[in-house]
Amino acid sequence: MIEELVVLFVIFVLAIFVGFEVITKVPPTLHTPLMSGSNAISGITIIGALIVAGQGETQVAKYLGMVAVAFAMINVVGGFMVTDRMLRMFKRKPEEQK
Amino acid sequence: MTDALIKLFYLLAAVLFIFGLKRLSSPATARSGNWLASLGMLIAIVVTLVFQEILGWREIFIGMAVGSLVGGIFARTVKMTGMPQMVALLNGFGGGASALVASAEYFNYLQAGEGIPLNFGVAIQLSVLIGTLTFTGSLIAFGKLQELVTGKAVTYPLQKTLNGIILIGTIGLAVWLMVEPNNPMALYGVLVGAALLGVTSVIPIGGADMPVVISLLNSYSGIAAAMTGFVINNEGLIISGALVGASGLILTNIMCRAMNRSLANVLFGAFGATVAEIGGPDGAVGDLTVRSLTHEDAATMLAYARQVVFTPGYGLAVAQAQHEVRELADMLQERGVQVKYAIHPVAGRMPGHMNVLLAEADVPYDQLYDMDQINPEFPQTDVSVVIGANDVVNPVARHDKSSPLYGMPILDVDKAAHCIVLKRSMRPGFAGVDNELFYQEKTSMLFGDAKDSFKKLIEEVQQL
C-alpha cells in the first residue's frame, strides 16, 4: 500500500518539475491564456467525477459525482473555448509595414 | 490488461497536455497547443466512459450536458475586460469538482464499511480541504472583481488570529476524521471549515492584488486535482494537476516579484485597506502644482513625435478604451510615428490582462513590450502616454524608502521627453500613495474618461 503511494508521489514530484520547465518559457503576453488553458487542464478531475457518478456505489456518491461532472465540465469546456477565443486574437503586425 | 491500456491512454492525455503547454511559448503556436490539450482531454473522457465500468449513465449525461452548456455560454459571452472574473470562476469550479469527487469517494468507503486506508484518508482530506477552499475563495475573488463585494481590503479586529483558529480547527477535524473515519460529522466539519477559510483568507486582499490571488487559486485548483488523483489512484490526474499547480506557482511568484512584495505580505498585509483622497480633479497638494493640457495640445504633441509609448493600466479596462487606443495608434503610425506599448507584469487584475485587451483591439503582439524590454527605450521616447495606470509608474518606488511602494520595479515613463497621464481624477492608486509623476515638470494631465479623451484625440489628430 505504502509502495503504491510512493510511486504516485514520485510521479507527482517529477510532474511538478516538468511543469516548471515548460511554463517558465511562456512569455508574459500569454499569461492570461496560460491561466485559462491550465485551468481547463485542471478539469482532468472530470475522470474522477465520471467514475464516481457512473459506478455509483452509493446514492450520495452518485449525486455528488453528478455535480462534480457538471463543475468539471464547465471548467473543461469553458476553459478551452475561452482560451481559443483569446488566442485567436493574438496577431502579428501585417507584413507590409516592415 | 484493460487496466494497463486505460493507464496508457491517460498517459497519452497527459503528454498531450505537456505538448500543449509547450506550444504556449509563442503566440504563433499557442492556438494549436490549446487544441492539442483539448484533444488530450477528449481522449481522457472517452477512455473513461468506454473502459471504466460505467453503469449510471443518467447522472453522467445530466452533468455533462449542464456543464458543457454553462461553460460554453460563459466562454462565448464573457467580455475580454471580464476575463479575470471568468478565470476566477473556472478556478472555483475546478477546485469544487475535486472536493466533490473526494467526498463521494469517502462515502463509498463508508458504505463499504471496511475502513479507510490511511493514505487514501490523507489524500481525501487534502483534496476536500484544498478544493473547498479554492471554491469559496474563488467565488469571493469573483465577487471582488465583479464588484459585488467591495474591492478594498476588508479588515476587522483579530482577523489573523481568527483565520489561524479556523485553520487549526479544520486541520484538527481532518486528523480526527483519519483516526475515526466512520464519523461523517468530521467530514462536514472539514467542509465548513475549509469553506470559511476560503472566504476569510481572500476577503482581506485588495483589488489590485488580485493577480496574485488568482494565480495562487489557479495553483490550488491543480493541486486539488492531483490530490484527487491520489484518492482514485490515477496517474493522469496526478500529472495534470501537478502541471497546473506548478504553473500557478510560477505566475504567483512572477506577480509577487513585480510588486517587490512577499507572498505573505500580499496574503496577510491587507494592502490598500484605506484609500485617501488627495486633492480634487484639478486641486494641488501643498505647493505642488499639476499641469493639465488640452486635447488639442496633446494631439499635436503625439502627431509630431518620433516615438510614442502607451502604458495601459486597470483604468484602460474600466474605460473599455482599448479600441480607441488602437485607432489613435494606427493614425499615428500612418504619420510615421513609432508606437509601442509598455506592459507592467501586474497591470490590470490578472497576469497578462492588458495583453489580452490590446489583442482584442487588434494590436499586433510584437508591439507589446515587457518591462525589461521597454525601460531602456524611454529615454529615447518623445511622449509616453499613461492610460489609467498609477502605482506601476510611480517614481517614488525608486527613491523613497518610507513609501510602501519602495523597491517595486516600475515602468520609467518619467524618463521620456514628455509624459501625458490620462486619469479621471487625482485619486491615488491602489497603494494609497500620492503619485510624484503627476507633479513633475514634464508631465501633463489629461483629465476625464479615457475613452472620451481618446475619441477627442483622434478627432484632433485627424484635423492636423
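Residues numbered from 1 in each chain as written. Chains lettered and ligands numbered in written order. Predicted model: local features only at pLDDT ≥ 70, side-chain atom pairs only at ≥ 80, totals over all residues.

Student: Just to check I follow, could you spell out the overall build of chain A for this structure?
Tutor: The helix and strand inventory of chain A stands at four helices and zero strands. Along chain A, helices (α) and strands (β) appear in the sequence α-α-α-α when read from the amino end. Taking 98 residues into account, the globule formula puts the C-alpha radius of gyration at 13 Å, and chain A, at 19 Å, lies well above it. Seen through its C-alpha atoms, chain A measures out along the principal axes to roughly 65 × 30 × 15 Å. Split into buried and exposed, the 98 residues of chain A put 62% on the buried side. Sequence separation of at least 24 residues holds for 59% of the intrachain contacts in chain A that already meet a minimum separation of 6. (Helix = DSSP H or I, 4+ residues; strand = E, 2+ residues; numbered from the N terminus. Rg over C-alpha atoms; globule rule 2.2 N^0.38 Å. Buried ≥ 20, exposed ≤ 12 C-beta atoms within 10 Å, placed from the backbone. Contact = placed C-beta atoms within 7 Å.)

Student: Looking at this structure, I do not really get the overall build of chain B. What am I missing?
Tutor: A tally of regular secondary structure across chain B gives 17 helices and six strands. Relative to a compact globule of 464 residues, whose C-alpha radius of gyration would be 23 Å, chain B shows 25 Å and is just as compact. Along the first, second and third principal axes, the C-alpha set of chain B runs to 80 × 50 × 35 Å. In chain B, buried positions account for 54% of the 464 residues. Long-range pairs, those at least 24 residues apart, make up 79% of the contacts in chain B with a sequence separation of at least 6.

Student: What's the story with the domain arrangement of chain B in this structure? I'm lost.
Tutor: Interfaces are often sized by the amount of accessible area the parts lose when they come together. All names here are of chain B. We note that the domain assignment places domain 1 (78-268) and domain 2 (295-463) within chain B. Between domain 1 and domain 2, the C-alpha centre-to-centre distance is 36 Å. Opposite the 19 residues of domain 1 that make contact, domain 2 presents 16 residues. Of all elements in the fold, only helix 4 (83-112), helix 8 (210-231) and helix 9 (235-259) reach the threshold of two or more residues within the side of domain 1 that touches domain 2. If one sorts the elements of the side of domain 1 that touches domain 2 by residue count, helix 9 sits on top with five residues. Here the side of domain 1 that touches domain 2 is built from residues that sort into 14 nonpolar, five polar and no charged. (Domains from an automatic or database assignment. Nonpolar A, V, L, I, M, F, W, Y, C, P; charged D, E, K, R; others polar.)

Student: How should the confidence of the model for chain B be read in this particular structure?
Tutor: Caution is warranted with low-pLDDT regions, since their predicted coordinates should not be read in detail. Predicted confidence across chain B gives a mean pLDDT of 87, with 96% of residues reaching 70 or more. In the predicted assembly, ipTM is 0.93 and pTM is 0.88. (pLDDT = per-residue confidence, 0-100.)

Student: Please explain the interface of chain B and chain A as it appears in this structure.
Tutor: Contacts between the two partners involve 98 residues from chain B, matched on the other side by 81 residues from chain A. A total of 18 residues in the side of chain B that touches chain A trace back to one element, the largest contributor, which is helix 4 of chain B. Tallied by class, the residues present in the side of chain B that touches chain A amount to 55 nonpolar, 33 polar and ten charged.

Student: Can you help me understand helix 4 (residues 59-89) of chain A in this one?
Tutor: The end-to-end C-alpha distance of helix 4 of chain A, which contains 31 residues, comes to 45 Å, matching closely the 45 Å that a straight helix rising 1.5 Å per residue would cover. Buried residues dominate helix 4 of chain A, accounting for 24 of its 31 residues. (Expected span 1.5 Å × (residues − 1).)

Student: So what exactly am I meant to see when it comes to the pairing of strand 5 (residues 418-423) of chain B here?
Tutor: Residues and elements named next belong to chain B. Counting buried positions along strand 5 gives five out of six residues, so the element sits mostly inside the fold. Strand direction decides the pairing type here: strand 4 (residues 383-387) and strand 5, joined by five bridges, are parallel. Bridge assignment links isoleucine 387 to a residue of strand 5, and that residue is leucine 422. Sheet analysis places strand 5 next to strand 6 (residues 443-447), joined by five bridges and oriented parallel. Among the inter-strand pairings, lysine 423 is bridged to a residue of strand 6, identified as phenylalanine 447. (Pairing = 2+ DSSP bridges.)

Student: How should the sheet that holds strand 6 of chain B be read in this particular structure?
Tutor: In sheet architecture, strand pairing relies on hydrogen bonds along the backbone and comes in two forms, parallel and antiparallel. All names here are of chain B. Reading across from one edge, 3-2-1-4-5-6 is the order of the six strands in this open sheet, with parallel pairing throughout. Bordering the open sheet on either side are strand 3 (368-370) and strand 6, each of which pairs with just one other strand. Across this sheet, the average inter-strand angle for adjacent strands is 25 degrees, counted without regard to direction. (Axes fitted to C-alpha atoms, helices over the stretch in contact; angles between N-to-C directions.)

Student: Help me understand the environment of serine 403 of chain B, please; the structure alone is not making it clear to me.
Tutor: Residues and elements named next belong to chain B. For serine 403, the position within the fold is in the loop between helix 16 (396-399) and strand 5. Taking the C-alpha atoms as reference points, serine 403 and alanine 153, separated by 250 residues in sequence, lie 19 Å from one another. Not counting the four nearest positions on each side in its chain, serine 403 is found in contact with Val396, Ala397 and Val433.

Student: Sorry if this is basic, but what is going on with the pairing of strand 2 (residues 338-343) of chain B here?
Tutor: For a regular strand, side-chain orientation follows a simple rule: the groups alternate between the two sheet faces. All names here are of chain B. Bridge count between strand 1 (residues 307-312) and strand 2: four bridges; the pairing is parallel. If you follow phenylalanine 310 over to strand 2, its bridge partner there is tyrosine 341. When strand 2 meets strand 3, the two strands line up parallel, connected through three bridges. From the neighbouring strand, alanine 342 faces strand 3, where its bridge partner is tyrosine 369. On the question of chirality, the crossover connecting strand 2 to the parallel strand 3 by way of helix 14 (residues 353-360) is right-handed. (Right-handed = clockwise from strand over helix to strand, strands pointing away.)

Student: How should I be thinking about unusual backbone geometry in this particular structure?
Tutor: A negative phi holds for most residues other than glycine; trans holds for most peptide bonds. Even without glycine at this site, glutamate 147 of chain B takes up a positive phi of about 65 degrees. Take glutamate 147 of chain B: it is sitting in the loop between helix 5 (118-145) and helix 6 (159-179).

Student: How should the nonpolar core be read in this particular structure?
Tutor: Note on soluble globular proteins: their nonpolar side chains tend to be buried together. Counting residues in hydrophobic clusters, the biggest one holds 196 residues, and the most contacted among them are Ile46, Ala49, Ala68 and Val69 of chain A together with Ala141, Leu243 and Ile387 of chain B. If you tally residues by element for this core, the top one is helix 4 of chain A, at 18 residues. A domain split of this core shows at least three residues from each of domain 1 (78-268) and domain 2 (295-463) of chain B. Apart from residues lying up to four places away in sequence, isoleucine 46 of chain A is in contact with Val69, Ala72, Met73 and Val76 of chain A together with Ile45 of chain B. (Core = buried A, V, L, I, M, F, W, Y, C linked by C-beta atoms within 7 Å.)

Student: Help me understand the packing of helix 2 (residues 31-42) of chain A against helix 8 of chain B in this model?
Tutor: If you want to describe how two helices pack, look at the angle between their axes and the distance between the axes. Contact pair helix 2 of chain A / helix 8 of chain B: the axes reach a minimum separation of 9 Å and the direction vectors enclose 20 degrees. With respect to helix 8 of chain B, the axis of helix 2 of chain A lies roughly parallel. Classified by chirality, the crossing of helix 8 of chain B by helix 2 of chain A is left-handed. Where helix 2 of chain A approaches helix 8 of chain B, its residues Met35, Ser38, Asn39 and Ser42 of chain A are matched on the opposing element by Ile214, Asn218, Ser221, Gly222 and Ala225 of chain B. Classifying every residue of the contact of helix 2 of chain A with helix 8 of chain B gives three nonpolar, six polar and no charged. (Parallel < 35°, antiparallel > 145°, perpendicular 65-115°, else oblique. Left-handed = near helix turned anticlockwise from the far one by under 90°.)

Student: Looking at this structure, I do not really get the environment of isoleucine 6 of chain B. What am I missing?
Tutor: Residues and elements named next belong to chain B. Mapped onto the fold, isoleucine 6 is located in helix 1 (residues 2-23). Residue isoleucine 6 is classed as partly exposed on the basis of its 19 C-beta neighbours within 10 Å. Look past the residues within four positions of isoleucine 6 in its chain and what remains in contact with it is Val47 and Phe51.

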